[in-house]
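Close look at the chain arrangement
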2 protein chains.
Amino acid sequence: MPSEKLANRERRRHQGEHRVTLEDVARHAGVAPITVSRALNTPEKVSTKLRDRVDQAVKTLGYVPNLIAGGLASAGTRVIPVVVPSLSILTFIEVIHGIQQTLENAGYQVLLGSTDYDLNREAALVDSVLGYSPSGVIMTGLHHRDTTIDRLRAWGRPVVELMELGTSYIDMNVGVETSEAGACMASHLVERGYRRIAFLGTGMDRDYRARYRYHAHREVLERAGLDGSLLFQNDEPASYEAGRRVFLEALEAQPDIDAIHFANDNLAAGAIMEANRQGIRVPDEVAIGGYLGLSLAEHLTPRLTTVVLPRFEMGVRAAEMLLDRLAGRERHAQRVDLGYRLAVREST
Amino acid sequence: MPSEKLANRERRRHQGEHRVTLEDVARHAGVAPITVSRALNTPEKVSTKLRDRVDQAVKTLGYVPNLIAGGLASAGTRVIPVVVPSLSILTFIEVIHGIQQTLENAGYQVLLGSTDYDLNREAALVDSVLGYSPSGVIMTGLHHRDTTIDRLRAWGRPVVELMELGTSYIDMNVGVETSEAGACMASHLVERGYRRIAFLGTGMDRDYRARYRYHAHREVLERAGLDGSLLFQNDEPASYEAGRRVFLEALEAQPDIDAIHFANDNLAAGAIMEANRQGIRVPDEVAIGGYLGLSLAEHLTPRLTTVVLPRFEMGVRAAEMLLDRLAGRERHAQRVDLGYRLAVREST
DNA sequence: CTGTTAGCGCATTCAG
DNA sequence: CTGAATGCGCTAACAG
């Protein structure tokens, strides 16, 4: 007795207005609800005739699918949580941009989460977003709480870990060899003939990737018989201003420094701009190298030598790998090294 | 007959592993499922004793709520779609950052959508994200297709439109008086004594806010008896490189220009850096003004005069207004002017 | 304060 | 190719 059912419905409905549902469309088109569902999701399984009728009804009623209901019934939504440590850092912005563009074109939505470099927040965030039955998850880095790793593994859907490469990852891993990249810049500076080479960073307690680079840097220097312990840092977030400050602090503390390996381009750029202001000649008095590949680096005078990370591509690639798995095109866990590139310019 | 029900369940389940459900927790704690639901969502409505038992069960079973199911039952998820024109523009990044931080602290998640400045994509995106039964929506700007506006209005939940202020908005409006901001910089240049003042932009076909600023700029100039038609543009996305290029093009076409009003700081910064490289003296040969308030502006030499937009605060405020409405703290539509600030520095 | 009942709107069986 | 029946996991309503 459909009419009775309908009457009940009107009474029960939680939220005022009657949103158009699949059932309304079905009734209007004179077909079963499931046919509407199929016409929308797998049109090739429905005859042209019925499909047209359904499309017509959808249009005239202004039907918009309830993705939540669909998600519950099919135990999955076309949502991909992307978990990053911070949104104030340009590195991750570019990565997110690549992910977002790729996923949106494939009909998925990005759910943004940031952890502020706190693994406990990350754990809570993961628990929470898994509650949306997402199709997959994209995480930053390989450092997570064991419980987070276990949960993600047990979950069984595609997970990409992004940024640095490692041997132990949950499911898929895209990124670059972070330590090597640090060693690469250090070697460059050594080869250029600099002898008092310092590493300058900010927020290195939280940013373990920067720490990895420093360790690699130190090793390179010591292997060359140089002092690898010249390290200056503070715990501000990375910014031009922070770069300016550590730069001045370092020069004051160790005036004989002849080259600086900065933890990232933001800091290095701040230093170059300050050097220009103070008339400190780069690279004659002090050489400056960075890490990231910000476009700003090419516009400074002198142009900044830096290790260029393919940030946008990283995002794109991560999203593509996820999509491939979701489409069943790719079965096994994989690891993709996107490589970095040393851009040698006038600052060193 | 619970055991029979359970047996059915195991057979039917779509996706392999048995995820822990509310029911499992309820059984473990010896209470009704609704009690678990309440203990989790409205703990104050449950006795301490039962609440503890539930919390215990949740912990030992590792229960993670299915937000999709909850969303379906309660016709709403703690998700806020944020629709921006582009992720490659720093303006919106800062805004998103503010939104994200505020919402995440209040237990909401940001669903990111970008339209690429296409109102049809925007319409499709809005339709799609409304399917997730979000708690509210944050949109960029006041320009939308009529159908988008109608749908959002009919939807009946909080909607914030962000960036520019206007008289006709859907529900709530946070931003700054864009045209005034453009007039402000133009007035500043006029007052400084410049006479051949050009406006330089990129992508202005899509970026109507930049067009508004240009119109205001033109009006100010003409009212001062100056030529307001000096406009140079191309359709690249905003970048240092694009700024460098329009800058050189404009100087070549009109060598007598004595001041430039750039559509944004990215362009202006590109121009200043190019000027430094070429030995063009700023502001003596040509003055340069920007719009946005990028931190970079303060580190250039000369420091860039610009109109500072409170981008982060805009995001925070939009999110707060949404949260206030969701909490029933605020009832009526509102409009908040966050104001801009002219930062006069050495480039003009 | 706690429980019972009855769906939310859709997609997955399984039949025809 | 189409449909009927059923339940995804949770919460709103209403009793007790």
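Note: the structure precedes this text.
Summary of the structure given here. (Residues numbered from 1 in each chain as written. Chains lettered and ligands numbered in written order. Predicted model: local features only at pLDDT ≥ 70, side-chain atom pairs only at ≥ 80, totals over all residues. Heavy atoms only, no water.)

1. Describing the overall build of chain A
To be explicit about the condition: Going along the chain from the N terminus, every DSSP run of H or I of four or more residues is numbered as a helix, and every run of E of two or more is numbered as a strand. Two things to know: the radius of gyration comes from C-alpha atoms, and the globule rule equals 2.2 Å times the number of residues to the power 0.38. For every residue, the accessible area obtained with a 1.4 Å probe (protein chains only) is divided by the maximum for its type, and the residue is called buried under 20%, exposed over 50%, and partly exposed between those limits.
Counting its secondary structure elements, chain A contains 13 helices and 12 strands. Its C-alpha atoms give chain A a radius of gyration of 27 Å, more than 25% over the compact-globule value 20 Å for 348 residues. Dimensions of chain A, computed from C-alpha atoms along their principal axes, come out at roughly 90 × 40 × 35 Å. By the burial criterion, 54% of the 348 residues in chain A qualify as buried.

2. Overview of the side chain of B:His144
All names here are of chain B. Basically, it comes down to this: The definition of a polar contact used here is a pair of N or O atoms within 3.5 Å, where within protein one atom must be able to donate a hydrogen and the other to accept one, and adjacent residues in sequence count solely through side-chain atom pairs. Whether two residues touch is decided by their heavy atoms; if any such pair falls within 4.5 Å, the residues are in contact.
Tracing the sequence through the fold places His144 in the loop between β3 (137-140) and α8 (146-155). A polar side-chain atom of His144 sits 2.8 Å from a polar atom in the side chain of Glu161. In this view, His144 contacts Leu119, Glu122, Met139, Ile149, Glu161 and Ile170; residues no more than four positions away in its chain are not counted.

3. A few points about the packing of aromatic side chains
How we decide: Between rings of Phe, Tyr and Trp, where Trp is taken as its six-membered ring, a pair exists when centres lie within 6.5 Å; planes separated by under 30 degrees are stacked, by over 60 edge-to-face, and by other angles tilted. Charge-over-ring contacts are defined here by two conditions on Lys NZ or Arg CZ: a distance within 6 Å of the ring centre and an angle within 35 degrees of the ring normal.
This model, assessed by the stated rule, comprises 4 aromatic pairs over all chains. Judged by centre distance (5.6 Å) and plane angle (65°), the ring pair of A:Tyr208 and A:Tyr212 falls under edge-to-face. Remark: A:Tyr212 and A:Tyr208 occur in helix α10 (residues 208-223); sequence separation between them is 4 residues, near one turn of the helix. A cation over a ring is seen here: B:Arg78 above B:Tyr108, with NZ or CZ 4.2 Å from the ring centre.

4. A short note on the interface of chain A and chain B
A common way to state how big an interface is: give the accessible area lost once the parts meet. Where we set the bar: Values labelled buried area give the accessible surface lost by two parts on being combined, using a 1.4 Å probe and summing over both. Should a side-chain nitrogen of Lys or Arg be within 4 Å of a carboxyl oxygen of Asp or Glu, the pair is scored as a salt bridge. When residue character is reported, Ala, Val, Leu, Ile, Met, Phe, Trp, Tyr, Cys and Pro are called nonpolar, Asp, Glu, Lys and Arg charged, and the others, Gly included, polar. Note on pairing: two strands pair once DSSP finds at least 2 bridges between them.
Contacts between chain A and chain B engage 57 residues on the former and 57 residues on the latter. Approximately 4800 Å² of surface area, both sides summed, lies buried where chain A meets chain B, with 59% of it carried by carbon and sulfur atoms. The largest contributions to the chain A side of the interface with chain B come from A:Ile68, A:Tyr132 and A:His299, which together make up 15% of the buried area. Applying the counting rule to chain A against chain B returns 2 salt bridges. The salt bridge partner of A:Glu104 is B:Arg121, with a shortest N-O separation of 3.7 Å. Run the count over chain A and chain B and you get 19 residue pairs in polar contact (both at pLDDT 80 or more). When residues of the side of chain A that touches chain B are traced back to their parent elements, those giving at least two are α5 (67-74), α6 (90-105), β2 (109-114), α7 (119-130), α8 (146-155), α11 (240-253) and α12 (265-278) of chain A. Of the residues belonging to the side of chain A that touches chain B, the class tally is 25 nonpolar, 19 polar and 13 charged. Where β2(A) lies against strand β2 (residues 109-114) of chain B, 3 bridges are found, and the strand directions are antiparallel. For A:Leu111, the partnering residue across the bridge sits in β2(B) and is B:Leu111.

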